[in-house]
Amino acid sequence: MPRRRVVGETVLDVRPPGHAPLFSIVIALFNSEHTLGTTLASFDAQLLSQDKVEFIIVNDGSSDRSLEVALSWGNGRSNTVILDKPHGGIASTRNAALREARGKWITAVDPDDLISPRYLSEVATFLECDSTDRLVLLSTRVMPTRDVDGRFSANHPLDGKFRSGNRMASLLCEPGAFAIGATTFLRLAKVEDFGLQFDDRVSPTFEDGNFILRYLCHFEEPLVGLVASAH
């Protein structure tokens, strides 16, 4: 369990009472002013209805204009929460977001990432195929992108499991189908039932992999969704 609990100050939250969206998107900010605007623009381009998603932005004591950029974007939005907290690292930042989330599924987008316009709608469509509501994890496809010209490729080390398109997989039969990165969707209710938090002893990276694997250990036969069409 984390060694310390750093609580954030809520600087923006005008969500309607009881609003329970399909997705909670967590954005952990630390000195990201030069890339954040493009990430936020990719949120604006989403084809999924905005009432099905909430954005939880947590500023981890940035010394640049990251918080100012986030507030400028979030002002007037009824589906955005912005927190400001002292610098405590990525694990404490994600934990602050967990306490605010209301969505059925929770995931993260880093403030130097872009998500394609159909990203969330592709995941939502995929979930409609889960008629038995058995999926415990969803994984989306990462396309490494060059800053200089925006060209991207499908050569990520974990890309192989997406080569067969959108599908479901049992980790008992296909253990290589698991996901350990930020582009993973987890059931928030299960995270809360299991009492899970990010462990800040895992530093400076891979706190998400540690968290996801501890989550998966609670299921006897984890069924995961590989959403190859969500980039």
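Use the structure listed above.
What you see is a predicted model, and the numbers here were worked out from it, not measured in a lab. (Residues numbered from 1 in each chain as written. Predicted model: local features only at pLDDT ≥ 70, side-chain atom pairs only at ≥ 80, totals over all residues. Heavy atoms only, no water.)

Student: What is the right way to look at the nonpolar core in this model?
Tutor: Across soluble globular proteins, you tend to see nonpolar side chains buried next to one another. In this structure, L137, L186 and Y215 are the most contacted members of the largest nonpolar core, which totals 33 residues. Put simply, the parts of the chain that give this core at least two residues each are β3 (53-60), β4 (80-85), α3 (90-98), β5 (105-108), α5 (188-193), α6 (207-216) and β9 (223-227). Not counting the four nearest positions on each side in its chain, L186 is found in contact with K104, W105, I106, V136, L137, V191, F211, I212 and Y215. Within the second largest apolar cluster, 32 residues are counted, among which are F23, W73, L223 and A230. (Core = buried A, V, L, I, M, F, W, Y, C linked by side-chain atoms within 4.5 Å. Buried < 20%, exposed > 50% of the residue type's maximum accessible area, 1.4 Å probe, protein only. Helix = DSSP H or I, 4+ residues; strand = E, 2+ residues; numbered from the N terminus. Contact = heavy atoms within 4.5 Å.)

Student: Is there a simple way to explain the state of the cysteines in this structure?
Tutor: All told, the structure shown has zero disulfides when counted by the stated rule. No disulfide involves C173; its sulfur sits 17 Å from that of C217, the nearest cysteine. (Disulfide = S-S within 2.5 Å.)

Student: Would you take a moment to explain helix α1 (residues 33-44) for this structure?
Tutor: Side chains that are three or four residues apart share a direction in an α-helix, a result of its 3.6 residues per turn. The end-to-end C-alpha distance of α1 is 17 Å, a good match for the 16 Å that twelve residues give at a rise of 1.5 Å each. Of the positions making up α1, those classed as buried are L36, T39, L40, S42 and F43. On an axial view of α1, the arc spanned by its buried residues comes to 150°, and they lie on one face. Looking at the buried side of α1, the elements it contacts are β2 (23-29), β3 and α2 (66-74). (Expected span 1.5 Å × (residues − 1). Arc of directions from axis to C-beta.)

Student: How do you make sense of the pattern of salt bridges when you look at a structure like this?
Tutor: Here the structure, examined in full by the defined rule, presents 15 salt bridges. Here K85 ties to D60 by a salt bridge, and the two come within 2.5 Å at their closest N and O atoms. Residue K85 is found in strand β4, and its partner D60 is found in strand β3; the two are separated by 25 residues along the sequence. Across the pair, exposure class does not vary: K85 and D60 are buried alike. Note that R201 and D199 form a salt bridge whose closest N and O atoms lie 2.6 Å from each other. For R201, a relative accessible area of 52% translates into the label exposed. One salt-bridge network, held together by shared partners, links D13, R15, E54 and E100. (Salt bridge = Lys/Arg side-chain N within 4 Å of Asp/Glu carboxyl O.)

Student: Can you help me understand the packing of aromatic side chains in this one?
Tutor: The final tally for this structure, using the stated rule, is nine aromatic pairs. Among the aromatic residues, ring-to-ring pairing joins F23, Y119 and F185 into one connected group. One cation-aromatic arrangement involves R77 over W73; the distance from NZ or CZ to the ring centre is 3.9 Å. (Phe/Tyr/Trp six-rings, centres within 6.5 Å; stacked < 30°, edge-to-face > 60°. Lys NZ or Arg CZ within 6 Å of the ring centre and 35° of its normal.)

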